[in-house]
There are 2 protein chains.
Amino acid sequence: MHNINIKELAKALDLSTSTVSRAFRDNSDISKETKERILAKAKELNYQPNHYASNLREQRSKTIAVIVPELANNFFSQAIHGIERIAREKGYHILIYATEDDYEKEVSFIHHLHNGRADGIIMSVSGEANDHNYLNELANKRLPLVFFDRVYEDIITPRVITNDYASSFSAAEHLIKQGCTRIAYLVINKNLSIGKTRMQGYIDALAKYQIPFDDQLVIDCSNSYKKNHSILKKMLREIQPDGVFTSVERLAFATYYACYDLEIQVPKDLKVIGFSSLEIAPLLNPSLTTITQPATEIGVEAARLLFKMLEDPSSVDVNKKVVLDSKLIKRKSTEKTA
Amino acid sequence: MHNINIKELAKALDLSTSTVSRAFRDNSDISKETKERILAKAKELNYQPNHYASNLREQRSKTIAVIVPELANNFFSQAIHGIERIAREKGYHILIYATEDDYEKEVSFIHHLHNGRADGIIMSVSGEANDHNYLNELANKRLPLVFFDRVYEDIITPRVITNDYASSFSAAEHLIKQGCTRIAYLVINKNLSIGKTRMQGYIDALAKYQIPFDDQLVIDCSNSYKKNHSILKKMLREIQPDGVFTSVERLAFATYYACYDLEIQVPKDLKVIGFSSLEIAPLLNPSLTTITQPATEIGVEAARLLFKMLEDPSSVDVNKKVVLDSKLIKRKSTEKTA
DNA sequence: TTGTAGGCGTTATCAG
DNA sequence: CTGATAACGCCTACAA
């Protein structure tokens, strides 16, 4: 495991360690020839400055942490993809943490990150609890934090989100225009910012068209695939909505499965629309009308924002909010039938 | 950004840094009371041992690197999920790198990892080039490496794969039994281990049923969505296969899109089967017959293997090969039609 | 332009 | 059981 270090490289070149070190920094004075000689030799001996020693010395890690609720999810994997790209451009590395929607893990990750491992954090929250105070420790220590998509309203830090209210409004409006009057709203946690905002769009769209709001039609779902399946089957049988609006992708799939089981025809008996980043939504049976968030771009913007904070903390207002537009893409699952 | 350090904590407790340090290591001698007093104070002041200093001192990072071709892919995100879980259990962190199927990036990531950043690497290769020698540097330095799924045959290191040959054989056999005689095999890179092995299963299945192999039916696809679309449309029009077997998920989707465009009916005119980790394959139109790899489990096994190497390098044979079984799940896309 | 020396925060060794 | 000290590898004043 013995990696060559700066001392050995210096000795091999008959130079001092400082000179060698300088060859790897951009700023310092060093003659061009010496620098080239050093870099050539370094390559030959496969020397690379030890990352931990540099970090210890420089007090920064060139690493950012990304915390997401889940990895096996189109939205998050695309967002991470965007973050990774920007990070790579900037010469940063990314650490990935999945909370699995578990509040304890979220707290634990954040705590661990206080040890200097990362220079900043990009996070989409689990939303499982109400005490977010642990995040303020970050602020005290000035570990820059950027939220994306799923945020805590009570924590003041820059965020990248989509126009959730407006897109929910249009989603509900779209269903109404397609003839739905009993529209169920499916949500995982209606207290989490995202569930709340999206619900408000739904409520206001109903109001606009004078459809009374019925809170029986707001269905609280869980993170468990099995539970959702029975919740939804029960709901479809007993409440018999003519439209379903799902606040997260997973619930749209669950709705499809439930409809298959119950032989409910989409879109004839039931129209379905959902937030989703699924790239193959056109291939579903029937193709799914989606509100599609620009997932990769959200990641890109979040990363850009974080790097801006890292470069100059004062250049970014803590209340900064980047809002990107989602797109409503109409497909068969909400088509009018004769 | 000032984090409290061990010195300050020691001073606050009127103890030496060594004693404080001991409270955070498991092995060392220290009285129970002192330890508790230290940990309590540490919590109060929110002290955590600086990760970079520890690493520098201990010469290990408690971090593993995961290199994959792409992130926005069901197989890899599920595999990473599995890796993440095991890593967390072991108290390790994971760094993520996406090569985007770019050989240069792959080489560059590997080189960078020589600086002590990670204690080991779990990797699924891009397969874009033939010179894999750069990986041998790892071996020289003994940076443990585990391959999963997409491997280089010429690099000797432990690997976790699936029974690709057998599952390809059954996939092709399944198509044949459903009445196909002109089966196209779609592949991204037929020289990469995985494309090659899977092709062999296809070829041997044809042979078993005395169907002559026609290399016109082996279709080389690319990583570009657009290019594939036209390649596949051309292929479907000109070669008119009655079955398609795709070696990667993406190509099954591309086939569906092409069929939609050309109004080719699946499964009536064309039967489709593909390697895929898509959880919602049943929801496709028509539902897709898949060979499903145990993606999460592959990640778990790869991580386990790597940790075993980290704990005791000699305990793992470099030729170690963990083979997991994929499952052939029959759905509508390969059904016989009247 | 190059070299010397001290310290980043931690932990292992050794002494008490 | 606890304390002092040196070292991990690197970078930056400062000196030459």
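Residues numbered from 1 in each chain as written. Chains lettered and ligands numbered in written order. Predicted model: local features only at pLDDT ≥ 70, side-chain atom pairs only at ≥ 80, totals over all residues. Heavy atoms only, no water.

**Notes on the packing of helix 8 (residues 164–177) of chain A against helix 9 (residues 193–208) of chain A**
Residue and element names in this part refer to chain A. Packing of helix 8 against helix 9 leaves a shortest axis separation of 7 Å and a crossing angle of 40°. Compared by their axis directions, helix 8 and helix 9 come out oblique. The crossing of helix 8 and helix 9 is right-handed. Facing helix 8, whose interface residues are D164, Y165, S168, F169, A172, E173 and I176, helix 9 presents I194, T197, R198, Q200, G201, Y202, D204, A205, L206 and K208. (Axes fitted to C-alpha atoms, helices over the stretch in contact; angles between N-to-C directions. Helix = DSSP H or I, 4+ residues; strand = E, 2+ residues; numbered from the N terminus. Parallel < 35°, antiparallel > 145°, perpendicular 65-115°, else oblique. Left-handed = near helix turned anticlockwise from the far one by under 90°. Contact = heavy atoms within 4.5 Å.)

**Some details on the packing of helix 5 (residues 74–89) of chain A against helix 12 (residues 295–311) of chain A**
All names here are of chain A. At a minimum axis separation of 7 Å, helix 5 and helix 12 run at an interaxial angle of 40°. Considering the angle they form, helix 5 stands oblique to helix 12. The element helix 5 and its partner helix 12 pack so that their crossing is right-handed. Residue-level inspection shows F75, Q78, A79, H81, G82, I83, R85, I86 and A87 of helix 5 in contact with helix 12, the latter providing A295, T296, I298, G299, V300, A303, R304 and F307. Considering only residue class, the contact of helix 5 with helix 12 consists of 10 nonpolar, 5 polar and 2 charged. (Nonpolar A, V, L, I, M, F, W, Y, C, P; charged D, E, K, R; others polar.)

**Here we look at the interface of chain B and chain A**
Tallying the contact residues gives 53 residues for chain B and 53 residues for chain A. A buried area of about 5300 Å², summed over both sides, lies between chain B and chain A, and 56% of it is on carbon and sulfur atoms. Across the chain B-chain A interface, the total number found is 2 salt bridges. The shortest N-O distance in the salt bridge between R88 of chain B and E100 of chain A comes to 3.9 Å. The tally of links from chain B across to chain A stands at 24 residue pairs in polar contact (both at pLDDT 80 or more). Top contributing element to the side of chain B that touches chain A by residue count: helix 5 (residues 74–89) of chain B, with 8 residues. Residues that form the side of chain B that touches chain A fall into these classes: 23 nonpolar, 19 polar and 11 charged. Note: strand 2 (residues 93–98) of chain A against strand 2 (residues 93–98) of chain B, 3 bridges, orientation antiparallel. The residue of strand 2 of chain B that forms the bridge with I94 of chain A is I96 of chain B. (Buried area = accessible area lost by both parts, 1.4 Å probe. Salt bridge = Lys/Arg side-chain N within 4 Å of Asp/Glu carboxyl O. Polar contact = N/O pair within 3.5 Å; in protein donor to acceptor, adjacent residues only side chain to side chain. Pairing = 2+ DSSP bridges.)

**Digging into the protein's contact with DNA strand D**
In the vicinity of DNA strand D, 25 residues are found, and the nearest of them are I6, Y47 and R57 of chain A together with T19 and R22 of chain B. Here S54 of chain A contributes a side-chain N or O atom positioned 3.3 Å from a sugar or linking oxygen of DNA strand D. Between DNA strand D and the protein, one listed contact pairs a phosphate oxygen with a backbone N or O atom of S16 of chain B at 3.1 Å. Among the elements of the structure, helix 2 (17–24) and helix 4 (51–58) of chain A together with helix 2 (17–24) and helix 4 (51–58) of chain B are those that each provide at least two residues to the surface near DNA strand D. If one sorts the elements of the surface near DNA strand D by residue count, helix 4 of chain A sits on top with 4 residues. Across the surface near DNA strand D, the residue classes break down as 7 nonpolar, 12 polar and 6 charged. (Near = heavy atom within 4 Å.)

**What about the domain arrangement of chain A?**
The domain architecture assigned to chain A consists of domain 1 (6–57), domain 2 (63–161 + 295–324) and domain 3 (164–292 + 327–334). Placing the centre of domain 1 of chain A and that of domain 3 of chain A at their C-alpha centroids yields a distance of 59 Å. (Domains from an automatic or database assignment.)

**A closer look at the relation of the copies chain B and chain A**
Rotating chain B by 180° about the axis while translating it 0.1 Å along that axis superimposes it on chain A, leaving an RMSD of 0.1 Å. Considering both components of the superposition, the chain copies are consistent with a two-fold axis. With an isologous cut-off of 70% or more, the 100% of interface residues of chain B that recur at the interface of chain A puts this contact in the isologous class. (Least-squares fit on C-alpha atoms with pLDDT ≥ 70 in both.)

**Considering the sheet that holds strand 8 (residues 243–246) of chain B**
Residues and elements named next belong to chain B. Taking strand neighbours across the sheet as the criterion, the 6 strands line up as 7-6-8-9-10-12 in an open arrangement whose pairing is mixed. Of all the strands in the sheet, just strand 7 (218–220) and strand 12 (327–329) have a single pairing partner and so form its edges. Neighbour-to-neighbour, the strand axes of the sheet open up by a mean angle of 15°, direction not taken into account. The sheet contact formed by strand 6 (residues 183–187) and strand 8 spans 4 bridges and is parallel.

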